[in-house]
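Here is what each chain is made of, one letter per residue.
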Amino acid sequence: SSGINAEYGEQRLDVLYDKIYEESGTFTDVEGTGLYEVQSKLNHSCEPNVQVKFVSSNDEVSLVALRDIAAGEELSISYLSCCQLESSRHSRRKFLLENYLFECGCAKCKAQIDDPDVTSEEEDEEDSENEMC
């Protein structure tokens, strides 16, 4: 009976990966992909309080606190790179909408709602002058 369950699970996983590819195309075309139960429950924030790390192996995920976290506070990760986190609200939200299909409403984005919509090209020029990323 466990052989039948394993085969069924593999078929379902194949269907899941096919559906992910239909939606994301080559977006998941990286060194590897994985589905992690805890990590998949974490929301994005442009000011995350935890970071996903592969501390001891390539298949075990650890969450590392980036700052003190209050009891009851939601844990959040960033879907953006360090450089993207430093970009304008407009650029961050544009990237997240195009690649993750949601509009960010985190505290940082809400606090910057009145900031000018700086384009990626303007930011790229500033970054090359400052060589931050």
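Numbering of residues starts from 1 in every chain and runs along the sequence as written. For this predicted model, a pLDDT threshold of at least 70 governs which residues receive local features, and a threshold of 80 or more governs which side-chain atom pairs are given and counted, while totals over whole chains, interfaces and linings are taken from all residues. As a convention, hydrogens and water are excluded, and side-chain values are obtained from all of the structure's heavy atoms.

With reference to specific residues and values, describe the pattern of salt bridges.
Any two side chains of opposite charge can pair, so long as their charged atoms come close to each other. By definition, a salt bridge exists where a carboxyl oxygen of Asp or Glu is found within 4 Å of a side-chain nitrogen of Lys or Arg. Overall, the coordinates contain 3 salt bridges when judged by the stated rule. Among the ionic pairs, Arg 93 bridges to Glu 103, the shortest N-O distance being 3.7 Å. With a gap of 10 residues between them, Arg 93 in helix H3 (residues 89-100) and Glu 103 in the loop between H3 and helix H4 (107-111) connect regions that are remote in the sequence. Take Glu 103: its relative accessible area is 56%, and that puts it in the exposed class. Among the ionic pairs, Glu 98 bridges to Lys 94, the shortest N-O distance being 3.4 Å. Pair noted here: Glu 98 and Lys 94 are both in helix H3, with a separation of 4 residues, about one helical turn. Secondary structure follows DSSP: runs of H or I at least 4 residues long count as helices, runs of E at least 2 residues long count as strands, and numbering of each begins at the N terminus. Under the scheme applied here, a residue whose accessible area is under 20% of the maximum for its type counts as buried, over 50% as exposed, and between as partly exposed, the area being computed with a 1.4 Å probe on protein chains only.

Would you mind going over the environment of Val 52 in detail, with residue names and values included?
Along the chain, Val 52 falls in strand S2 (residues 50-53). Residues Val 52 and Ser 62, spaced 10 residues apart in sequence, show a C-alpha to C-alpha distance of 5.9 Å. Those residues in contact with Val 52 that sit more than four places away from it in its chain are Gln 39, Val 61, Ser 62, Leu 63 and Ile 77. Residue contacts follow a heavy-atom distance rule, with two residues in contact if any of their heavy atoms lie within 4.5 Å.

Got a sec to walk through unusual backbone geometry? Specific residues and values, please.
Glycine aside, residues mostly have negative phi, and peptide bonds are mostly found in the trans state. For Leu 101, which is not glycine, the phi torsion reads 65 degrees and is therefore positive. With respect to the helices, strands and loops of the structure, Leu 101 is situated in the loop between H3 and H4. Among the residues examined, Leu 101 registers a relative accessible area of 62% and is labelled exposed.

Please set out a negative patch on the surface residue by residue, giving values where relevant.
For patch detection, residues must exceed 30% relative accessible area and be free of salt bridges, and they are connected within 9 Å for like charges or within 5 Å for nonpolar side chains (Val, Leu, Ile, Met, Phe, Trp, Tyr). For every accessible area listed, the method is Shrake-Rupley and the probe measures 1.4 Å; residues are considered covered only by the protein chains on display. When charges are counted, Lys and Arg are positive and Asp and Glu negative, with His and the chain ends excluded. A single reference atom marks each charge: NZ on Lys, CZ on Arg, CG on Asp, CD on Glu. Judged by side-chain charge, Glu 7, Glu 10, Asp 14, Asp 18, Glu 22 and Glu 23 come together as a negatively charged surface patch. Looking at the element boundaries, Glu 7 is found in helix H1 (residues 2-24).

Could you give me a rundown of the confidence of the model for the protein chain, with the residues and numbers involved?
Of all residues in the protein chain, 75% attain a pLDDT of 70 or more, and the chain-wide mean is 80. A residue's pLDDT is simply how confident the predictor is in it, with values from 0 to 100. Confidence, expressed as mean pLDDT per element, reaches its minimum in the protein chain at helix H5 (residues 120-130) with 53 and its maximum at H4 with 96. A low-confidence stretch, residues 128-132 (pLDDT under 50), is modelled with 1 contact involving residues beyond four sequence positions or located in other chains.

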